[in-house]
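# Survey of secondary and tertiary structure
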Amino acid sequence: MEDKLKVGVITTTHGVRGEVKVYPTTEGPERFLDLEYVLLDTGRELRRLEISGVKFYKNLAILKFKGIDNINDIEKYKGKDLWVLREDAQELGEDEYYIGDLIGMDVFLEDESHFGILKDVMETGANDVYIVTKDDGQEVLLPAIYDCILDVDVEKNRMTVHIMKGLLE
């Protein structure tokens with residue numbers, strides 16, 4: 001399991017006083033109200049930024065960081081990821097998982113035969129879709145619904161799936 005989790009991506013600046021618009025990669029922009037700081041991936045290091053203000057615009061969070069009061073100080077970080085330490089992450093509900101914990105997971109069929117490796121998660125409006133690379137190299141899209149995903153064991157890095165009719169055609 002990863003010790004850091006991605007919570008957002010800086011999309012652009014907002015105004016001239018160093019605020020940024022952030023696209024949340026978690027449940028929603030309100031998530032930033034509960035954070036004291038984020039870790040900015042500058043490309044060379046993780047820089048700790050204290051959050052001094054949170055506002056909202058559509059589906060984005062507008063963040064103000066302590067000590068960054070000028071657009072020139074933050075503009076270079078457009079497109080960069082924001083992270084939190086796992087211990088600062090939101091608690092998950094039943095049958096909820098961090099994407100970072102799912103990627104790389106071994107995927108098995110109901111008969112216990114190895115099917116492939118979960119390579120990515122596509123977030124859609126209705127439900128997530130798991131992108132699995134089968135053992136033969138073929139890519140399969142599995143909807144993250146109860147009829148298809150039977151069991152997820154993060155500790156064992158293992159997922160058991162039911163291949164619904166039509167998914168492999």
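About the thresholds
Residues numbered from 1 in each chain as written. Predicted model: local features only at pLDDT ≥ 70, side-chain atom pairs only at ≥ 80, totals over all residues. Heavy atoms only, no water. Pairing = 2+ DSSP bridges. Helix = DSSP H or I, 4+ residues; strand = E, 2+ residues; numbered from the N terminus. Axes fitted to C-alpha atoms, helices over the stretch in contact; angles between N-to-C directions. Buried < 20%, exposed > 50% of the residue type's maximum accessible area, 1.4 Å probe, protein only. Core = buried A, V, L, I, M, F, W, Y, C linked by side-chain atoms within 4.5 Å. Contact = heavy atoms within 4.5 Å.

## What about the sheet that holds strand β5 (residues 60-65)?
In space, the six strands of this closed barrel follow the order β1-β2-β5-β4-β3-β6, with antiparallel pairing throughout. For this sheet the average axis-to-axis angle between neighbouring strands, irrespective of direction, equals 50 degrees.

## Topic: the sheet that holds strand β9 (residues 129-134)
Spatial ordering of the open sheet is given by β10-β9-β8-β7-β12-β11, a layout of six strands whose pairing is mixed. Both edges of this open sheet fall to β10 (139-143) and β11 (149-153), since each of them pairs with a single strand only. Direction aside, neighbouring strands of the sheet carry axes that sit 35 degrees apart on average. The pairing of strand β7 (residues 106-109) with strand β8 (residues 114-122) spans three bridges and is antiparallel.

## Digging into the pairing of strand β3 (residues 37-41)
Successive residues of a regular strand alternate their side chains across the two faces of the sheet. With four of its five residues buried, β3 lies for the most part within the structure. Here β3 pairs with strand β4 (residues 46-57) via five bridges, running antiparallel. Across the sheet, residue Leu39 finds its bridge partner in β4, namely Arg48. Pairing of β3 with strand β6 (residues 81-85) involves two bridges; the strand directions are antiparallel. Residue pairing for β6: Leu39 is matched across the bridge by Trp83.

## What to know about the nonpolar core
Side chains that are nonpolar tend, in soluble globular proteins, to be buried together. Within the largest apolar cluster, 20 residues are counted, with the highest numbers of intra-cluster contacts made by Phe32, Val38, Leu63, Phe65 and Leu82. Secondary structure elements with two or more residues in this core: β1 (4-14), β2 (19-24), β3, β4, β5 and β6. Setting aside residues up to four positions removed in sequence, Leu63 forms contacts with Gly18, Glu19, Val20, Val22, Phe32, Gly53, Val54 and Leu82. Counting residues in each nonpolar core, the second largest holds 15 residues, with Phe115, Val121, Leu142 and Val152 among its members.

## Here we look at the environment of Val20
Structurally, Val20 can be placed in strand β2. Judged by relative accessible area, which is 0%, Val20 ranks as buried. When the C-alpha positions of Val20 and Asn157 are compared, they lie 36 Å apart, and in sequence the two are 137 residues distant. Residue contacts for Val20: discarding those within four places in its chain leaves Ile10, Thr12, Thr13, His14, Ala61, Ile62, Leu63, Phe65 and Ile74.

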